[in-house]
Amino acid sequence: MTKMKKLLAGVFCLAALCFALTGCSSSAPAAEEEKLPEAEEPTVEIQKETEPFYVLVVGNDSRTGTVDISKQMFADGLGRSDTIMLVRVDPVTYDICIITIPRDTAADVNGQTQKINDAYRQGGISALADQVTQLTGVTPKYYLDLGFVTFEDFIDACGGVDVNVPVAVTLQDIVAGGDQITVGTGEQTLDGVQALVFTRARHEYGDNVDACRQIQDRQVVESLINKVLSDTGNTSTYTKALSEFADTDWDGASMAALVEDFVAHSDQVVIRSGTGPYAGDIDPAVDMWLAYRDEATWASVIEVAENGGDLNAVVPLPEVYPAA
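Just so we're clear, the structure is a prediction, and the values are computed from it rather than from any experiment.

Colleague: Break down the layout of surface pockets for me, with residues and values.
Modeller: Put simply, the second largest pocket is a space of about 250 Å³. Taken together, 20 residues form the lining of the second largest pocket, with Asp-104, Asp-210, Ala-211, Tyr-278 and Trp-289 sitting closest to its centre. A total of 6 residues in the lining of the second largest pocket trace back to one element, the largest contributor, which is helix α5 (residues 209-230). Considered class by class, the residues forming the lining of the second largest pocket number 9 nonpolar, 5 polar and 6 charged.

So, in structure tokens, the structure goes:
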């Protein structure tokens, strides 16, 4: 057989083999390529809470994003934790307990006697969490941290907050600057700007100014919780807003799952609130007003918090508000 005949025979055999394998005539369309299965999206593991836990809630006074940031004393952007709360959450009994840690509580911060809120300025949220554990004996599982700007944004994203204002308060709009903002007395819905004035103002309260202010701060937190519990169709709106505007180590999916569970059992939810010891005086050693560091009373506060009791029976709230 000549070389040409051998070549033609080889081509013919190859064509016949292709025909047999494809089962198609030369005029049929080519078979579609076999598609590989699409890669599955990674599964997000949602941590289901089965035991009571504490959340450290902080309102810091950093001037970042405000008109005060240009002032020399605030230019570094650092702030203190002027609102400090431990929120105990029981996912079995649906009990929520909100406990204020007075910002003026005496603490040893880097070897110096300071207010506990200075730990945040010097070492951030982790340093504050360590101080909270030393004082109260409990370790927060998560934290939520809001500044002036993010607090306003969060309140607006939630559609405002319903409060009862006991005494008219006035402060400058620190974020946008300009006019003084006055929040009058009575039940009302506050937007972000008004809510920030309400939670910051304190001098109008006379004695125990910060303890009275913290009553209002707890009222805001409790009101927001109640709003979420009653607005069953919009749970994701609130959890998304919190994840977006708060600095937190709590992953959004796990937070949302917990909130949805509480909403589903809203008829069982009980909210309690109170404060740790807030009495104090000028400490002559540092020439600074400090709330006494009373770890024994704190142990009683935590015990009552964990056993469903009345926190105000341990540390009574200030009795007198000044006249409006």
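That covers the picture; the talk isn't over yet.
Colleague: I'd like a description of the nonpolar core, backed by residues and values.
Modeller: Val-55, Ile-96, Phe-154, Val-161 and Phe-262 are the most contacted members of the largest nonpolar core, which totals 49 residues. Here this core takes 6 residues from α5, the largest share from any one element. Contacts of Val-55, omitting those with residues within four sequence positions, involve Met-85, Leu-86, Val-87, Tyr-142, Tyr-143, Leu-144 and Trp-250. Ranked by size, the runner-up nonpolar core spans 29 residues in total, among them Leu-56, Leu-86, Ala-119 and Ala-211.

Colleague: I'd love a proper account of the environment of Asp-217, names of residues and values included.
Modeller: As for its placement among the helices and strands, Asp-217 is situated in helix α5. The spatial distance from the C-alpha of Asp-217 to the C-alpha of Thr-199 is 5.4 Å, given a sequence separation of 18 residues. Leave out the neighbours within four places in its chain, and Asp-217 touches Thr-83, Met-85 and Thr-199.

Colleague: Before we move on, could you go through the pattern of salt bridges and cite the residues and values that matter?
Modeller: A complete count under the given rule lists 14 salt bridges for this structure. In this structure, Lys-141 and Glu-49 form a salt bridge, with 2.8 Å as the shortest nitrogen-oxygen distance. With Lys-141 in the loop between α2 (118-136) and β6 (142-146) and Glu-49 in the loop between α1 (3-22) and β1 (53-60), this residue pair connects regions lying 92 residues apart in the sequence. For Glu-49, a relative accessible area of 8% corresponds to the buried category. Notably, a salt bridge pairs Arg-103 with Asp-210, separated by 3.7 Å at the nearest N-O pair. With a gap of 107 residues between them, Arg-103 in the loop between β3 (95-100) and β4 (106-109) and Asp-210 in helix α5 connect regions that are remote in the sequence.

Colleague: Requested: an account of the packing of aromatic side chains, with residues and values cited.
Modeller: If you walk through the whole model with that rule in mind, you get 4 aromatic pairs. Ring geometry for Tyr-94 against Phe-262: centres 5.0 Å apart, planes inclined by 75°, an arrangement best described as edge-to-face. Within this pair, whereas Tyr-94 is found in the loop between β2 (81-90) and β3, its partner Phe-262 is found in helix α7 (residues 252-264), the two being separated by 168 residues in sequence. Comparing Tyr-94 with Phe-262 shows no difference in burial state: the two are buried. Here Tyr-142 and Trp-250 contribute two aromatic rings whose centre-to-centre distance is 4.6 Å and whose plane-to-plane angle is 0°, an arrangement assigned as stacked. In this pair, Tyr-142 is assigned in strand β6 and Trp-250 in the loop between β11 (247-248) and α7, connecting sequence segments 108 residues apart. Look at Tyr-142 and you get buried, because its relative accessible area is 6%. The class for Trp-250 is buried, based on a relative accessible area of 9%. Cluster of aromatic residues (ring-pair linked, three or more members): Phe-53, Tyr-142 and Trp-250.

The rules we used
- Residues numbered from 1 in each chain as written.
- Predicted model: local features only at pLDDT ≥ 70, side-chain atom pairs only at ≥ 80, totals over all residues.
- Heavy atoms only, no water.
- 1 Å grid on protein atoms, 1.4 Å probe; cavity = no way out; pocket = protein on both sides within 12 Å on 5 of 7 lines; lining within 4 Å.
- Points joined across faces, edges and corners; volume = space filled by probe spheres on them.
- Helix = DSSP H or I, 4+ residues; strand = E, 2+ residues; numbered from the N terminus.
- Nonpolar A, V, L, I, M, F, W, Y, C, P; charged D, E, K, R; others polar.
- Core = buried A, V, L, I, M, F, W, Y, C linked by side-chain atoms within 4.5 Å.
- Buried < 20%, exposed > 50% of the residue type's maximum accessible area, 1.4 Å probe, protein only.
- Contact = heavy atoms within 4.5 Å.
- Salt bridge = Lys/Arg side-chain N within 4 Å of Asp/Glu carboxyl O.
- Phe/Tyr/Trp six-rings, centres within 6.5 Å; stacked < 30°, edge-to-face > 60°.

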